[in-house]
Amino acid sequence: MLRPQSLTPGVNTLQYETATFARNSWGPVERNRSNGEQQAGDGKPLTLNGKVYAQGYGVHAGSELRFSLQGTGGAQCNTFTADIGVDDEVGSRGSVVFQVYGDGVKLYDSGLLTGNSATRRVNVGVVGRQELRLAVTDAGNGISYDHADWADPRLNCATTAPKAGSLDTTWTPQSAAANFIKAVLEPDLNVLLGGLFVRQLDGKRLVITNTTSGKFEVVRRFPDGTLDASYGQGGRTVTDFGSGQANSPYSPQVYGAKDAVLQPDGKLVVVGTGWNQLSDFAVARYTTDGRPDSSFGQNGLVLTSLEPLKDLLPMTPPPFSSDDAESVSLGPDGTLVVSGLYQQPEDYRTTRAVVRYNANGSLDRTLLNRNLPLGMTTLTTSVSGSAQLRVESNGDMIVASNSNANSYVGVLVERIRRNGSRGGNTGNFFLGPQSPHSNTVMDLALQPDGKILVGGSADLGGISPSGVLVRLNTDLTFDPTFGSEGSGQVVTTAESGGIRKILIQPDGKIVAVENAIRRFWP
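The rules behind each value
Residues numbered from 1 in each chain as written. Predicted model: local features only at pLDDT ≥ 70, side-chain atom pairs only at ≥ 80, totals over all residues. Heavy atoms only, no water. Pairing = 2+ DSSP bridges. Helix = DSSP H or I, 4+ residues; strand = E, 2+ residues; numbered from the N terminus. Salt bridge = Lys/Arg side-chain N within 4 Å of Asp/Glu carboxyl O. Buried < 20%, exposed > 50% of the residue type's maximum accessible area, 1.4 Å probe, protein only. Phe/Tyr/Trp six-rings, centres within 6.5 Å; stacked < 30°, edge-to-face > 60°. Lys NZ or Arg CZ within 6 Å of the ring centre and 35° of its normal. Core = buried A, V, L, I, M, F, W, Y, C linked by side-chain atoms within 4.5 Å. Axes fitted to C-alpha atoms, helices over the stretch in contact; angles between N-to-C directions.

I keep staring at the sheet that holds strand β40 (residues 516–520) and nothing clicks. Help me out?
Either a parallel or an antiparallel arrangement is found when strands of a sheet pair, and the pairing is made through backbone hydrogen bonds. In spatial order, the strands read β15-β40-β39-β38; together these four strands make up an open sheet with antiparallel pairing. Whereas interior strands pair on both sides, the edge strands pair on one side only; in this sheet they are β15 (174–175) and β38 (501–504). As defined by bridge partners, strand β39 (residues 510–513) adjoins β40 across four bridges and the pair is classed as antiparallel. When the sheet's bridge partners are listed, Ile510 is paired in β40 with Phe520.

If you want it as structure tokens, here you go:
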């Protein structure tokens, strides 16, 4: 049982607390001094990039400090903050990784820092945690000169936990680019924005760019942006999803990649719109070295026609269809779930479809829906508006989409069971204040506890739409602990343009990317 510390409501400087465990690979852990040599007190003032800190811990990789988070006077710790880096006393030498754990769960990872690295700021939530563990590793290359500082470490505590959905005022909002497509949360909790890309676990980026009609290239780059020539052919691989033909019943369209995901085995999956007499869902998969994966479809490519959906939208004469795959998600069993639009442009009829593939690219025929081919299903709301899909840990699918209600566009969240049956829905509702207005669903995220976050925009009368964040329980009811007055909703920022991406930190905090990047308490 961890003993209570002297932590009290307010800001607590951590170096005044007694560690329940301490380990250092060279000399003792120093309080308010750098690591120095092997004798206690032989270090210098804590200094990072020329800034001297009066308080903190000087350690040497590998090191570990543990603290109880059980306070006194009703104190509950909410946030841990510190400046970190390699102390100036070793110059440009040294290479370390800082890590923060709460009850054994990694909440932060700095990545590699050297004597030349800029000072980093740690700001993580510890609400509900009982133990804080601060670790510094040697980055895998030995401990020489690995003098590391936890400078000005603080625990912010209060007698009550922060309100779920309230703005985290300990974190400074950052501006967001206007034209990003993807947002990724890195281990050090920085947000990486860009075009269509995915981030590998080693920090390399796979960047997908549409070039000409139907063609796109995948390029792998190191974290510093330089080309990784070991990928594909000279760092890149080119794929042709096919382009429209002269006898197409539609106007010329540019086909290509729309979304991508990295499998746990490191293989890249890209989806978009391809051409095989008519436009189809297209799915491509690549090996870890950038070659088409021969174990998937035909030399790494699968084209799927949604023409059988014409029976759901009957018309005369029989229609041509335009199939547009927009997103891909990973199932828990190696399956790939692809969602997008099936359209009949002649009379503007549209429905949203979901296709599930096995690991080898064949249709997963355990997904059932009426008279459709096995492996396909449609959404309850057969509309052309925005939609987002995520796969739960049991294989069920959560879909948030725009729906029509009394000439206003609202929101519907539904569950599609793994076998294609319906698992209930929220019914139509409106983002923000409960009065009809135009909504747009922009993103959907699943918390580790199964709760569901929906982000989007609502036209609340300003020049630009406002951002709205909604949290649902696992049974699709609104979470009354989130937001104000038990509504389960938060208007994050007026006229922000809407929440385009939702990211969930390991500590549970919610990062919303609007016209700025803001963080909210879970």
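Moving on from the coordinates now.
Would you take a moment to explain the pattern of salt bridges for this structure?
Side-chain pairs of opposite charge can arise where the charged atoms are in close proximity. In the structure shown here, the tally under the stated rule is 30 salt bridges. Between Asp228 and Lys204 there is a salt bridge, and its shortest N-O distance comes to 3.0 Å. Separated by 24 residues along the polypeptide, Asp228 in the loop between β20 (215–221) and β21 (236–240) and Lys204 in the loop between β18 (197–199) and β19 (205–210) bring together distant segments of the chain. A salt bridge links Arg220 to Asp228, with the shortest nitrogen-to-oxygen separation between them at 2.8 Å. Here Arg220 matches Asp228 in class, with each residue buried. A single network of salt bridges, built from pairs that share partners, joins Arg23, Glu64, Arg66 and Arg133.

Would you explain the packing of aromatic side chains in this entry?
One pair of aromatic rings is described through two measures. These are the centre distance and the angle between the planes. One pass over the structure, following the stated rule, counts five aromatic pairs. Note on Phe429 and Phe478: the rings are 5.0 Å apart at their centroids and 85 degrees apart in plane angle, and the pair reads as edge-to-face. Here Phe429, found in the loop between β33 (422–425) and β34 (439–446), pairs with Phe478, found in the loop between β36 (466–472) and β37 (489–493); they are 49 residues apart in sequence, far enough to count as distant. Classification of Phe478 as partly exposed rests on a relative accessible area of 29%. The structure contains a cluster of three or more aromatic residues connected by ring pairs, namely Phe80, Phe98 and Trp150. The side chain of Arg500 reaches across the aromatic face of Phe180, ending 4.0 Å from its centre. Sitting over the ring of Trp521, Lys509 keeps its end group 4.2 Å from the ring centre.

Before we go on, may I ask you to explain the nonpolar core in this structure?
Side chains of a nonpolar character, in soluble globular proteins, are inclined to be buried together. Residues Phe80, Val100, Leu132, Leu134, Trp150 and Leu155 are the most contacted members of the largest nonpolar core, which totals 32 residues. Only β6 (56–60), β7 (63–68), β8 (76–86), β9 (95–102), β10 (105–109), β12 (120–125), β13 (131–137) and β14 (147–158) provide two or more residues apiece to this core. The next biggest cluster of nonpolar side chains, apart from the first, holds 17 residues, and it includes Val261, Ala325, Val355 and Met376.

I tried to follow unusual backbone geometry on my own but got confused; where do I start?
Negative phi values dominate among residues other than glycine, just as trans dominates among peptide bonds. Here the amide bond leading from Ala61 into Gly62 is cis, since omega sits at -15 degrees, within 30 degrees of zero. Despite not being glycine, Leu476 has its phi angle at roughly 70 degrees, a positive value. Mapped onto the elements, Leu476 comes out in the loop between β36 and β37.

I tried to follow the sheet that holds β19 on my own but got confused; where do I start?
Spatially, the four strands line up as an open sheet ordered β18-β19-β20-β21, and their pairing is antiparallel. Of all strands in the sheet, those bounded by a partner on one side alone are β18 and β21. Taken pair by pair, the neighbouring strands of this sheet meet at an average axis angle of 15 degrees, ignoring direction. Bridging between β20 and β21 involves five bridges; their strand directions are antiparallel. Residue pairing for β21: Phe216 is matched across the bridge by Thr239.

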